[in-house]
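Geometric and topological summary
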Amino acid sequence: MGCYILCQVKRAENPYYIEAVGVNIYSIEELCYYFCTDYPLLDRSILNETLAEWLYGELHLRQLARKLSAVLEQEFRISEFVLPVLREIFYLNQQEMKKLEEELQKLEEEPEPLRIKRKGDSLMAHEKYTKAIETYREALRLEKKGKLGVQFAGNLYNNLGCAYSRLFQMDEACSCFQKAYEMLHTRDTLKSCLFAVYLRDGQEAYEQMAGQMKVDPGTRQEMDRQIGEIVPEKRPADLDQALACWTRAYHRNTGL
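Going by the annotation in an unreviewed UniProt entry, the name recorded for the protein is Tetratricopeptide repeat protein, with Candidatus Scatomonas pullistercoris given as the source organism.

Below you can see the structure in the form of structure tokens.
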């Protein structure tokens with residue numbers, strides 16, 4: 001981040017609550033940090049008059065609050081609200097500010113289903129799985145015409161499967177992983193599908209499906225080893241660890 005003095009402005013007695021991720025904000029530094037790290041979540045549920053009033057009343061940033069209130073009186077771009085807040089305390093240096101502005105512009109110009117998917121990804125990162133599911137479902141609804149292609153829809157279903165898995169809703173997870181595999185036919189989605197079946201129905205069902213799907217020996221050997229290492233006794237704690245590992249691995253391998 002840019003060079004600035006921490007806590008240049010007093011901390012609020014009453015925080016600004018960001019419901020989407022369940023976070024209380026007490027200072028403009030914390031608000032700037034949130035803007036920079038979670039900008040896919042920024043919309044009118046966060047950038048609103050309530051936030052402007054909080055800046056005015058709690059942090060006494062009255063000039064900034066008036067500027068933001070004027071922005072809110074018309075249709076505005078996310079950057080028109082976010083950048084003045086960052087400039088208030090020089091939170092970013094010039095290069096960082098330019099990069100963020102470009103990222104915000106890119107986000108605003110993306111097709112709506114893709115923007116909503118990115119919001120779901122951010123909710124997943126915050127472990128807000130129920131909200132992530134709702135968000136991914138909305139992206140699928142908007143993408144029903146298929147303008148972004150089968151790969152986009154397949155990735156949405158895979159991410160939905162990850163979210164359902166983290167809630168141990170394995171029927172839904174298996175259904176989503178199956179749809180993802182049918183669309184993408186990738187090794188990662190195949191493994192996700194089979195792992196979900198193993199967690200829901202056990203070893204016999206896993207072996208049966210692996211045979212039906214004609215899993216190659218190398219993949220099968222790798223999966224058997226991972227199952228043996230991560231869930232040797234099928235205890236709930238082990239299952240939670242396994243699902244966390246598989247979810248992280250999928251996002252790491254696909255960048256989604």
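1. Topic: the UniProt feature "coiled-coil region" (unreviewed entry) in the protein
UniProt's entry tags residues 90-117 with the feature "coiled-coil region" (unreviewed entry), counted in the numbering of this structure. Between the end C-alpha atoms of residues 90-117 there is a gap of 31 Å, over a span that is 79% helix and 0% strand.

2. Side note on the state of the cysteines
The final tally for this structure, using the stated rule, is 0 disulfides. Cys32 forms no disulfide, and the closest cysteine sulfur to it belongs to Cys36, at a distance of 6.6 Å. The class of Cys32 is buried, set by a relative accessible area of 0%. Unpaired in this structure, Cys174 has its nearest cysteine sulfur neighbour in Cys193, at a distance of 6.7 Å. Classification of Cys174 by relative accessible area gives buried; the value is 6%.

3. Quick look at helix α9 (residues 170-184)
Between its first and last C-alpha, α9 extends 20 Å over 15 residues, near the 21 Å set by a 1.5 Å rise per residue. Residues Met170, Ala173, Cys174, Cys176, Phe177, Ala180, Tyr181 and Leu184 constitute the buried set of α9. When α9 is viewed along its axis, its buried side chains cluster within an angular range of 170° and face the same direction. For α9, the secondary structure elements touched by its buried residues are α7 (129-142), α8 (149-166) and α10 (187-201). Two residues or fewer past α9, His185 is found with a positive phi of approximately 55°.

4. Thoughts on the side chain of Glu110
By the secondary structure assignment, Glu110 is in the loop between α5 (94-109) and α6 (112-125). On the accessibility criterion, Glu110 (10% relative accessible area) is buried. Glu110 has contacts with Arg115 and Arg118, leaving out every residue within four places of it along the chain.

5. Describing the packing of aromatic side chains
Within this structure, the stated rule accounts for 3 aromatic pairs. Ring geometry for Tyr16 and Trp54: centres 6.0 Å apart, planes at 45°, overall tilted. On the criterion of sequence distance, the pair formed by Tyr16 in strand β1 (residues 16-18) and Trp54 in helix α2 (residues 49-57) is long-range, its members being 38 residues apart. Trp54 shares its class with Tyr16; the two are buried. A centroid spacing of 6.2 Å and a plane angle of 35° characterise the contact between Phe76 and Phe81, whose relative ring orientation is tilted. Phe81 matches Phe76 in its accessibility class, with the two residues each being buried.

6. Remarks on the packing of α9 against α10
Contact pair α9 / α10: the axes reach a minimum separation of 8 Å and the direction vectors enclose 160°. The orientation of α9 with respect to α10, classified from their angle, is roughly antiparallel. α9 and α10 meet at a crossing whose hand is left-handed. Only Thr189, Leu190, Ser192, Cys193, Ala196, Val197, Leu199 and Arg200 of α10 make contact with α9, whose side of the interface consists of Met170, Asp171, Cys174, Phe177, Gln178, Ala180, Tyr181 and Leu184. Looking at the contact of α9 with α10, its residues break down into 11 nonpolar, 3 polar and 2 charged.

7. So, the pattern of salt bridges
One pass over the structure, following the stated rule, counts 11 salt bridges. Asp43 is paired through a salt bridge with Lys119; the nearest N and O atoms lie 3.2 Å apart. Of this pair, Asp43 sits in the loop between α1 (28-37) and α2 while Lys119 sits in helix α6; the two residues are 76 residues apart in sequence, bridging distant segments of the chain. On the basis of relative accessibility, which here comes to 26%, the residue Lys119 falls in the partly exposed class. A salt bridge links Lys117 to Asp121; the nearest nitrogen and oxygen atoms lie 2.7 Å apart. Taken as a pair, Lys117 and Asp121 lie in helix α6 at a separation of 4 residues, close to a single helical turn. Here Lys117 falls in the buried class, since its relative accessible area comes to 4%. When salt bridges with common partners are traced through the structure, they connect Asp171, Arg200 and Asp201 into a single cluster.

Rules and cut-offs
- Residues numbered from 1 in each chain as written.
- Predicted model: local features only at pLDDT ≥ 70, side-chain atom pairs only at ≥ 80, totals over all residues.
- Heavy atoms only, no water.
- UniProt positions renumbered as here; feature names shortened; annotations may be inferred.
- Helix = DSSP H or I, 4+ residues; strand = E, 2+ residues; numbered from the N terminus.
- Disulfide = S-S within 2.5 Å.
- Buried < 20%, exposed > 50% of the residue type's maximum accessible area, 1.4 Å probe, protein only.
- Expected span 1.5 Å × (residues − 1).
- Arc of directions from axis to C-beta.
- Contact = heavy atoms within 4.5 Å.
- Phe/Tyr/Trp six-rings, centres within 6.5 Å; stacked < 30°, edge-to-face > 60°.
- Axes fitted to C-alpha atoms, helices over the stretch in contact; angles between N-to-C directions.
- Parallel < 35°, antiparallel > 145°, perpendicular 65-115°, else oblique.
- Left-handed = near helix turned anticlockwise from the far one by under 90°.
- Nonpolar A, V, L, I, M, F, W, Y, C, P; charged D, E, K, R; others polar.
- Salt bridge = Lys/Arg side-chain N within 4 Å of Asp/Glu carboxyl O.

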